[in-house]
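Spelled out from the first residue to the last, the chains are:
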2 protein chains.
Amino acid sequence: METLSEQRCFDGLQGRYKHPSKQTGTTMQFSVYQPPQAKSRKVPVLYYLAGLTCSDETFMIKAGAQRLAAELGLMLVTCDTSPRNLNLPGDADSWDFGVGAGFYLNATQPPWAAHYRMGAYVDEELPALIEAEFPAAEDRRGIFGHSMGGHGALVTALRNPTRWHSVSAFAPISNPSAVPWGEKAFTNYLGADRSLWAEWDAAELMAKHPHPTTILVDQGEADAFLERELHPQALESAAMKSGQSLTLRRHIGYDHSYWFIQSFVADHLRHHAALLA
Amino acid sequence: METLSEQRCFDGLQGRYKHPSKQTGTTMQFSVYQPPQAKSRKVPVLYYLAGLTCSDETFMIKAGAQRLAAELGLMLVTCDTSPRNLNLPGDADSWDFGVGAGFYLNATQPPWAAHYRMGAYVDEELPALIEAEFPAAEDRRGIFGHSMGGHGALVTALRNPTRWHSVSAFAPISNPSAVPWGEKAFTNYLGADRSLWAEWDAAELMAKHPHPTTILVDQGEADAFLERELHPQALESAAMKSGQSLTLRRHIGYDHSYWFIQSFVADHLRHHAALLA
C-alpha cells in the first residue's frame, strides 16, 4: 500500500492510498477518513460505494460526511467504481458500463471475468487491507452507497450478513435485473442466463434472506432516474415477502445528486453508528 | 440573469446562474444557496470569495457549509475568481495571474483595466443583482474567503465597512504588497508605483481604518504557503496599530486545502450569523 496524501480534517486524517489488487489485477485507489478517536483505539468502519462515473474521491469531497464521522468516531472508506487502465475492448464506450461502472459484482464472462471482480474486492480484499493497515475494528463493518453503489451496498450486505453489520443506501438500483442499467451490465458481466443474475440483485436477495438489521433507504422524488432505473418499490415488495425490516423514505423535491446525499448523510451515519457501537 | 441549475439541498435551494457583467464586460457565473427560511422572508447574505484557480463552484461543493447555513438561515453566494474567455495576452500563462486570479481589485493598467474589475463586481454589482433577484436582506451583508479570496474579503470589508457588516477569512494573503503572489498581481494590475497598492492591501487598510466588528481569521500551521505568501502576522501588527478587534487562530497540522476550510467553516458561519442577526 502506498500513501498518496494525508491531510488533517476535523482533527482526524483524510487520506488517499493505492495498492495492487489481487482481485482486479490492477492498481486500485481508495480513500480513508480516520476520525480523531482512531488515534487511540480501533473504530468501526463504514464503507461507501459510489455510483456510475464516480471514483473514491466523489463522496469524500461532495458529501460533507467527515464532520459527523469525527463526532461519532466512524472511519469512512471509499473505493473506486471499477478497475481502470485495462483498455479492455469496449470498456470506455459508455458511461454506464465498463470503466466507472463495475457494478460491485464478480464477472463471469470474457473479457471481464479476469478483472471485473469488484464484488470480492469490496467484500473481502479491501476490508482485509483496511483492517491490516488502519485502526479498524474487525467486527464492526457497515456499508452504504449511492445509485449503482446503493445496489452494491445492499447486495454485499445481503449476500454476507454476518460480515456486514449495518447497511443503507441512497437512491439504489434496487432491482437491476429489471431495469436498463442492470440488464446491460448483467448481460455483459454475467451472461444472458437471467437465473444467474439473482445473486447480484438486491430485491431478489432481500426477498429470500433478510438482513438481521433494519435497512435504511432514502430516495428523492425528483430523481430523474427513479422511474426507469431505481425501482425502490421492489425493495418494499421484497421486504414484505421475507420480513426484512426496511425504512424507505421518499423525499419530495430531491434529485439524484450529492446535494441530495449531503442533505441526509447525517441520518445514515447515525444509523450505522448505532448498529456498530 | 439566467438560471443554469437549481437543486434542493437541506430543504433549501442550491442554484447556479449567469449574467452579463457591466464591470467585467463578460458573462459571469455565480452560485447561491438559499436556506429554507428564504421561502418566507428576506435573509442575511454571506458572500464567499475563493482562492487562486477556483470558481464559484469550489466552496459550494467542497466546504460542506449548506447544512449549517440552512440551520442559521444564511444565504450563501459565491462568485468566480476572475473574468473568463477574454483571451487577453498573457491571461492564461500562469495559475497565479490572470484567469482564475483576479485578486478582487480594480485594475488600472492595460490590458487589464477594461475587464479586471472584480473589486467593483464584488462590492457593488453582485450584491445589487442578488438583492434584486433573491430574497436577500439589503442591510445584512457578510463576506469571507480563502487565500486570495481571504485577501478579497478583508479588503472589500475594510474599504467599505458601512456596506459590509461582518468579515472573516481562511488563510488570507494578508499583506499582498510584501509577498510574491501579490507583487506579481499588483505590478501587472495596478502598476509599478507601490504607493497605489495600499488601498488593496488588507494589512495596510487595517492599520489605518479598523472594521467596526471583530474579524475572525483561521490559519493552518502546516499550510505550505504560510511563510512565503500569507503573513498573518501582518494583520496582528495592523490590528495593534489601529485597535482592530481581531481573532486570529493558528491550527496545528492543518494545511491550505478545503479539508482545512470544512473543519472550521461552522465557526465562520456562526460568527457571521451572530453579527448579521
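Relevant structure appears above.
Residues numbered from 1 in each chain as written. Chains lettered and ligands numbered in written order. Predicted model: local features only at pLDDT ≥ 70, side-chain atom pairs only at ≥ 80, totals over all residues. Heavy atoms only, no water.

Taken together, the contact between chain B and chain A spans 20 residues of the former and 20 residues of the latter. Both faces considered, chain B and chain A share a buried interface measuring about 2,000 Å² in area, 54% of it formed by carbon and sulfur atoms. Contact with chain A buries surface across chain B, with Arg8(B), Ile61(B) and Trp259(B) losing the most and accounting together for 34% of the total. Applying the counting criterion to the chain B and chain A interface returns zero salt bridges. Counting across the interface, chain B meets chain A through 12 residue pairs in polar contact (both at pLDDT 80 or more). Residue assignment for the side of chain B that touches chain A shows that the elements contributing at least two residues are strand S1 (2-9), helix H1 (56-62), helix H2 (66-72) and helix H9 (258-276) of chain B. No other element matches the four residues that H9(B) contributes to the side of chain B that touches chain A. (Contact = heavy atoms within 4.5 Å. Buried area = accessible area lost by both parts, 1.4 Å probe. Salt bridge = Lys/Arg side-chain N within 4 Å of Asp/Glu carboxyl O. Polar contact = N/O pair within 3.5 Å; in protein donor to acceptor, adjacent residues only side chain to side chain. Helix = DSSP H or I, 4+ residues; strand = E, 2+ residues; numbered from the N terminus.)

By a simple turn and slide, chain B fits onto chain A: the slide is 0.0 Å along the axis, the RMSD is 0.0 Å, and the turn is 180 degrees. The transformation relating the two chain copies, once decomposed into turn and shift, fits a two-fold axis. The position closest to the rotation axis in chain B is occupied by the C-alpha of Gly64(B), lying 2.4 Å away. Of all interface residues in chain B, 100% are interface residues in chain A too; the two copies therefore contact each other through one and the same surface. (Least-squares fit on C-alpha atoms with pLDDT ≥ 70 in both.)

Glancing now at the sheet that holds strand S8 (residues 215-220) of chain A. Residue and element names in this part refer to chain A. Reading across from one edge, S1-S2-S3-S5-S4-S6-S7-S8-S9 is the order of the nine strands in this open sheet, with mixed pairing throughout. Edge strands, defined here as strands with exactly one partner in the open sheet, are strand S1 (2-9) and strand S9 (246-251). Shown here is a sheet whose adjacent strand axes are inclined to one another by a mean of 20 degrees, direction ignored. Bridge count for strand S2 (residues 12-20) against strand S3 (residues 27-34) is eight bridges, and the pairing is antiparallel. Pairing of Arg16 across the sheet is with Ser31, part of S3. (Pairing = 2+ DSSP bridges. Axes fitted to C-alpha atoms, helices over the stretch in contact; angles between N-to-C directions.)

The next subject is the nonpolar core. Across soluble globular proteins, you tend to see nonpolar side chains buried next to one another. Counting 92 residues, the largest nonpolar core has Phe59(B), Phe103(B), Ile130(B) and Tyr189(B) as the members making the most contacts within it. Of all the elements, H9(B) adds the most residues to this core, at eight residues. Excluding residues within four positions of it along the chain, Phe59(B) makes contact with Tyr48(B), Ala65(B), Leu76(B), Thr78(B), Phe144(B), Tyr258(B), Ile261(B) and Val265(B). Within the second largest apolar cluster, 91 residues are counted, among which are Leu129(A), Ala157(A), Ile261(A) and Phe264(A). (Core = buried A, V, L, I, M, F, W, Y, C linked by side-chain atoms within 4.5 Å. Buried < 20%, exposed > 50% of the residue type's maximum accessible area, 1.4 Å probe, protein only.)

Turning our eyes to something else, we now look at the pairing of strand S5 (residues 75-79) of chain A. All names here are of chain A. The buried fraction of S5 amounts to five of the five residues, a majority that puts the element mostly inside the structure. The side-chain alternation of S5 yields two buried faces, one formed by Met75, Val77 and Cys79 and the other by Leu76 and Thr78. Here S3 pairs with S5 via four bridges, running antiparallel. The partner of Phe30 across the bridge, within S5, is Cys79. Taken together, the four bridges between strand S4 (residues 43-49) and S5 define a ladder with parallel strand orientation. Bridge assignment links Val45 to a residue of S5, and that residue is Met75.

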